[in-house]
Each structure stands twice: as C-alpha cells, then as structure tokens.
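What follows is the residue order along each chain.
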Amino acid sequence: MSGVEVGPYDPFDGIWLRLTATEPGCCRIAATPEAVKSALCAPAIPQRSPALIEGDSLAYLSLARNHTAPGRHMLGVIGHGPNRHDLTDRLIEGIHTWNSDRAAIPTVTAYRSLAGLTHQASGLIRKPDSPLTITF
C-alpha cells in the first residue's frame, strides 16, 4: 500500500498523467470483467488502470477498501514478474508525487508529426496524426 487515501469523488487520473510525463513504459491496462470477478487481477480502474511495464514485468494501480473509514480507499500497487519490486516502488513514488500536489495542471503539447521527437522519451504519447507530450 502507498499510504495514500482517496474518497468516492476524488479523481486520481493525475497519477496516470504524471507517470506518462516521467516514466518510460507507462501505459494503461484493461482487465476483463471475468478476470476481475475471479480475482485474477484487481486494478483500480478495470477498463484503463495506470501501469508500468518493463520487459516481462508489470506493476499496476489497485484500490483497497479502508475498513476504518467507510467510502474511503487506499491506493496500492500490484506487481508481477522479476522486476516487479522496482516497478512497484516507482509506481508508489508516482502516487506520492501526485498526492503532494493533486491540483497540479500538466502541459499537454500536440505535434504535427513524430519528426524530431525522441520516440522513447517519457511524456510522449504516440498518436498517428498528432503525437502529444505531457510535462509538469
């Protein structure tokens, strides 16, 4: 667990934006309803949970109910693979960075092409017609 708590109306999409701006291998994963129901996986957002991927390892954002505070959840991370500890630590660091300034507004820049952009750069979202960069 990260020690960071969110309520029912607290948006935490900023975690994904921060990770996109700072972490290579940042993406969103989608879990099927069957996988979630069977407890095969437990992403915070089943359709598009923030994740870090590196080689054959994965870490993704999860939620755990806070039983002492009804309606509140703790943000956590679940990792798989040989590099899961490193990815989990990096994702938890991203949660803490987001939590320290939840109101931070990113700068999103659209480009006409990928020409001149570093393809492996953090913060780059590769789109065919208008690649984007995100910075804080």
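The notes below deal with the structure included here. (Residues numbered from 1 in each chain as written. Predicted model: local features only at pLDDT ≥ 70, side-chain atom pairs only at ≥ 80, totals over all residues. Heavy atoms only, no water.)

Description of helix H1 (residues 14-22)
Every α-helix winds through 3.6 residues per turn, so residues three or four apart in the chain are directed the same way. The criterion, for reference: Per-residue accessibility, obtained with a 1.4 Å probe over protein chains only, is compared with the maximum for each type, and a residue is labelled buried under 20%, exposed over 50%, and partly exposed between these values. Helix and strand labels come from DSSP, where a helix needs a run of H or I of at least four residues and a strand needs a run of E of at least two; each type is numbered from the N terminus.
In terms of burial, H1 is largely enclosed, as seven of its nine residues are buried. Turning to H1, its buried residues number three or more, namely Gly 14, Ile 15, Trp 16, Arg 18, Leu 19, Thr 20 and Ala 21.

So, the side chain of Thr 88
So the rule is basically this: By definition, residues are in contact when any of their heavy atoms lie within 4.5 Å.
You can see Thr 88 is positioned in helix H3 (residues 84-100). On the accessibility criterion, Thr 88 (16% relative accessible area) is buried. When residues no more than four places from it in sequence are discounted, the contact partners of Thr 88 are Ala 59, Val 77 and Gly 79.

Overview of the sheet that holds strand E4 (residues 57-65)
Just so we agree on the cut-off: Only strands that DSSP links by at least two bridges are regarded as paired with each other. Here, axes are lines fitted to C-alpha atoms. For helices the fit covers the stretch in contact, and angles between N-to-C directions go from 0 to 180 degrees.
Taken in spatial order, the five strands line up as E1-E5-E4-E3-E2 in an open sheet, and their pairing is antiparallel. Lying at the two open borders of the sheet, with one neighbouring strand each, are strand E1 (5-6) and strand E2 (26-29). Pairing between E2 and strand E3 (residues 49-54): four bridges, direction antiparallel. Bridging across to E3, Cys 27 finds its partner in Ala 51. Each of E2, E3, E4 and strand E5 (73-80) is contacted by H1, which is oriented at about 145° to E2, the strand it contacts most.

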